[in-house]
Amino acid sequence: MDKRETIMTKMQFGPGGWTPDRIGSLAGKTYVITGANAGAGFQATRILLSKGARVVMLNRSAERSGAAIDELKAEFGPQAQVDFIRMDLAELGSVRQAATELLEMLPQIDALICNAAIAQVPARSLTKDGFESQLGTNHYGHFVLCGMLFDRIDASMGRIVVVASLGYRMGLRTIRFDDMHWERGYGANTAYSQSKLAQMMFAYELQDRIGASGRNVEVLVCHPGSSATSLISTSGGRLTRLVWWLMTKSPMVQSAERGAFPEVMCATEDGLEPRALYGPTGRMEFVGPVGRGTLEPHAHDKPVMVRLWDRSEADTGFTWSI
Ligand SMILES: NC(=O)c1ccc[n+]([C@@H]2O[C@H](COP(=O)([O-])OP(=O)(O)OC[C@H]3O[C@@H](n4cnc5c(N)ncnc54)[C@H](OP(=O)(O)O)[C@@H]3O)[C@@H](O)[C@H]2O)c1
């Protein structure tokens with residue numbers, strides 16, 4: 001993005017950037033969000049509920065989901081429309097089962113927010129289906145979930161929001177097709193970066209396919225910047241946890257609530273650009289007013305996007321209808 005575009009983006013939402021004050025009533029709208037019992041996903045759920053929406057959380061832990069629902073109902077009252085379906089993204093059978101239940105439960109999906117992730121997993125591990133854990137959870141799990149819910153979102157003229165990470169700029173900056181599951185040279189950060197880049201490339205390729213087929217789904221990509229959530233404490237190694245803990249004491253890390261703004265914006269705000277990356281626009285794009293950030297060209301490398309789509313279908317055994 002050039003300087004003029006940056007200034008225009010900042011002007012678009014005022015000097016404070018996008019905030020939930022811009023959202024009107026969401027009564028009658030239904031949002032589905034993955035990984036919503038903690039962190040940015042939990043805060044996004046809070047914001048959506050505060051505007052009168054219905055939210056269905058897809059989480060892996062029944063216990064943590066129950067606690068999250070109790071907390072949300074304590075804040076918004078027993079009538080708050082928040083439900084939970086168990087789904088483990090690291091197990092494609094569980095993703096398929098959850099999507100089937102969701103389709104029975106919801107006639108309408110206004111937005112699916114692909115928020116859940118694991119990060120910085122210190123030693124290589126595999127999902128139930130044999131995929132490297134970060135690629136399997138963050139990309140392949142969401143790839144199948146989005147595919148199974150796509151027709152319902154299309155019929156609702158809804159959106160898919162992909163929550164990415166500035167980590168897409170680190171690591172290899174392309175997809176390692178000859179060793180997708182890191183049998184050689186595994187690194188916690190490189191594998192995480194690759195999984196987030198894969199999620200972005202999936203989103204941009206899906207936009208192209210929607211454009212070519214005239215379907216009615218808007219796909220948007222964002223990231224929470226650097227936010228004080230449980231991401232690193234859940235899956236990171238000891239040293240990463242220490243470094244992250246020190247960082248959270250600095251102004252380079254913002255609250256989990258602010259980290260939720262970009263994904264809520266992408267789920268609710270009209271007129272956003274598809275080929276873009278939304279998130280904080282302040283220091284290093286880690287923190288600050290929310291708007292359109294910098295999107296580096298390697299995330300939109302068309303031959304790699306197409307090859308990744310084909311490879312994702314082959315690896316997951318899931319064929320999209322688009
Ligand atoms: N925080 C940051 O600074 C930062 C920076 C860049 C990008 N992000 C991105 O922001 C998004 C939200 O992360 P966060 O920071 O809010 O992290 P978080 O607090 O750890 O929340 C992640 C959520 O994902 C869920 N999850 C993890 N593995 C799952 C699985 N196999 N199946 C279903 N759900 C699963 C977690 O469930 P459990 O509670 O059961 O673990 C949790 O609810 C992620 O996409 C992450 O990559 C975060």
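See the structure above.
Residues numbered from 1 in each chain as written. Predicted model: local features only at pLDDT ≥ 70, side-chain atom pairs only at ≥ 80, totals over all residues. Heavy atoms only, no water.

Undergrad: Could you clarify how one ought to interpret the overall build of the protein chain in this entry?
TA: When you go through the protein chain residue by residue, the secondary structure sums to 10 helices and 10 strands. At 18 Å, the protein chain has a C-alpha radius of gyration in line with the 20 Å of a compact globule built from 322 residues. If one aligns the C-alpha atoms of the protein chain with their principal axes, the spans along those axes are about 50 × 45 × 45 Å. Within the protein chain, the proportion of its 322 residues that are buried is 55%. In the protein chain, the share of contacts with a sequence separation of at least 24, taken over all contacts with a separation of at least 6, comes to 76%. Here the protein chain displays about 13300 Å² of accessible surface, and carbon together with sulfur accounts for 52% of that area. Looking at charge distribution, the protein chain has the averaged site of its 34 positive side-chain charges lying 5 Å from that of its 34 negative ones. (Helix = DSSP H or I, 4+ residues; strand = E, 2+ residues; numbered from the N terminus. Rg over C-alpha atoms; globule rule 2.2 N^0.38 Å. Buried < 20%, exposed > 50% of the residue type's maximum accessible area, 1.4 Å probe, protein only. Contact = heavy atoms within 4.5 Å. Areas by Shrake-Rupley, 256 points an atom, 1.4 Å probe, with all protein chains shown as cover. Lys, Arg positive; Asp, Glu negative; His and termini not counted. Charge placed at Lys NZ, Arg CZ, Asp CG, Glu CD.)

Undergrad: I keep staring at the packing of helix α2 (residues 39–50) against helix α9 (residues 256–268) and nothing clicks. Help me out?
TA: Geometrically, a packed helix pair is captured by the angle between its two axes and the distance between the axes. Contact geometry of α2 with α9 gives a least axis separation of 8 Å together with a crossing angle of 60°. The orientation of α2 with respect to α9, classified from their angle, is oblique. By crossing handedness, the relation of α2 to α9 is classed as right-handed. Residue-level inspection shows Gly39, Ala40, Gly41, Gln43, Ala44, Arg46, Ile47 and Leu48 of α2 in contact with α9, the latter providing Ala256, Glu257, Gly259, Ala260, Phe261, Glu263, Val264 and Thr268. Residues of the contact of α2 with α9, tallied by class, amount to eight nonpolar, five polar and three charged. (Axes fitted to C-alpha atoms, helices over the stretch in contact; angles between N-to-C directions. Parallel < 35°, antiparallel > 145°, perpendicular 65-115°, else oblique. Left-handed = near helix turned anticlockwise from the far one by under 90°. Nonpolar A, V, L, I, M, F, W, Y, C, P; charged D, E, K, R; others polar.)

Undergrad: It is not clear to me how the site of the ligand should be interpreted in this structure. Could you clarify?
TA: With respect to spatial proximity, 31 residues lie near the ligand, and among them Ala40, Arg64, Asn115, Thr229 and Ser230 are the closest. A distance of 2.9 Å separates a nitrogen atom of the ligand from a polar backbone atom of Leu89. A distance of 3.4 Å is found between an oxygen atom of the ligand and a backbone nitrogen or oxygen belonging to Gly225. Coverage of the ligand by the protein amounts to 96% of the 900 Å² it exposes when considered alone. (Near = heavy atom within 4 Å. Polar contact = N/O pair within 3.5 Å; in protein donor to acceptor, adjacent residues only side chain to side chain.)

Undergrad: Is there a simple way to think about the pairing of strand β1 (residues 30–34) in this case?
TA: Within a regular beta strand, the side chains point alternately toward one face of the sheet and then the other, so they alternate between its two faces. Along β1, five of the five residues are buried, which leaves the element largely enclosed by surrounding structure. Residue alternation in β1 divides its side chains into two sets, Thr30, Val32 and Thr34 and Tyr31 and Ile33, and both sets are buried. In this sheet, strand β2 (residues 54–59) lies alongside β1 in parallel orientation, the contact comprising five bridges. By the bridge assignment for β2, Tyr31 is matched with Val55. The parallel pair β1 and β2, bridged by α2, forms a crossover whose chirality is right-handed. Note: β1 against strand β4 (residues 111–114), three bridges, orientation parallel. Looking across to β4, one finds that Tyr31 is bridged to Ala111. (Pairing = 2+ DSSP bridges. Right-handed = clockwise from strand over helix to strand, strands pointing away.)

Undergrad: Help me understand the nonpolar core in this model?
TA: A general trend in soluble globular proteins is that nonpolar side chains are found buried together. Within the largest apolar cluster, 57 residues are counted, with the highest numbers of intra-cluster contacts made by Leu102, Ile160, Ile175, Leu206 and Trp320. Beyond its immediate stretch of four places on either side in the chain, Trp320 contacts Phe143, Cys146, Gly147, Phe150, Phe202, Leu206, Trp309 and Glu313. (Core = buried A, V, L, I, M, F, W, Y, C linked by side-chain atoms within 4.5 Å.)

Undergrad: Where do I start with the pairing of strand β3 (residues 82–86) in this structure?
TA: Taken together, the five bridges between β2 and β3 define a ladder with parallel strand orientation. What sits directly across from Val56, in β3, is Asp83. In this region the chain leaves β2, passes through helix α3 (residues 62–76) and returns to the parallel neighbour β3; the handedness of that crossover is right-handed.

Undergrad: Explain the side chain of Asn59 here, please?
TA: With respect to the helices and strands, the residue Asn59 is situated in strand β2. The exposure class of Asn59 is buried, given its relative accessible area of 1%. Within polar-contact distance, the side chain of Asn59 engages the side chain of Ser65 at 3.0 Å. Here Asn59 is in contact with Thr34, Gly35, Ala36, Asn37, Ser65, Phe84, Ile85, Arg86 and Met87, once residues within four sequence places are set aside.

Undergrad: Help me understand the packing of aromatic side chains in this model?
TA: Counted under the stated rule, the structure contains 10 aromatic pairs. Where Phe150 meets Trp320, the ring centres are 5.4 Å apart and the plane angle is 55°; that geometry is what we call tilted. On the criterion of sequence distance, the pair formed by Phe150 in helix α5 (residues 133–155) and Trp320 in the segment after α10 (302–316) is long-range, its members being 170 residues apart. Each member of the pair, Phe150 together with Trp320, is buried. Residues Phe202 and Trp309 carry aromatic rings whose centres are separated by 5.7 Å and whose planes lie at 25° to one another, so their mutual orientation is stacked. Of the two residues, Phe202 is situated in helix α6 (residues 188–213) and Trp309 in helix α10; the sequence distance between them amounts to 107 residues. Chaining the aromatic ring pairs together yields one cluster made of Phe143, Phe150, Phe202, Trp309 and Trp320. Residue placement shows Arg176 over the ring face of Trp182; its charged tip is 3.9 Å from the ring centre. (Phe/Tyr/Trp six-rings, centres within 6.5 Å; stacked < 30°, edge-to-face > 60°. Lys NZ or Arg CZ within 6 Å of the ring centre and 35° of its normal.)

Undergrad: I'm lost on α9 in this one. Help?
TA: The α-helix winds at 3.6 residues per turn, so residues separated by three or four positions along the chain end up facing the same way. Spanning 13 residues, α9 covers 19 Å between terminal C-alpha atoms, matching the ideal 18 Å at 1.5 Å per step. The principal kink in α9, of about 30°, is found at Pro262. For α9, the complete set of buried residues consists of Ala256, Gly259, Ala260, Phe261, Pro262, Glu263, Val264, Met265, Cys266, Ala267 and Thr268. (Expected span 1.5 Å × (residues − 1). Bend = angle between axes of the 7 residues up to and from the residue.)

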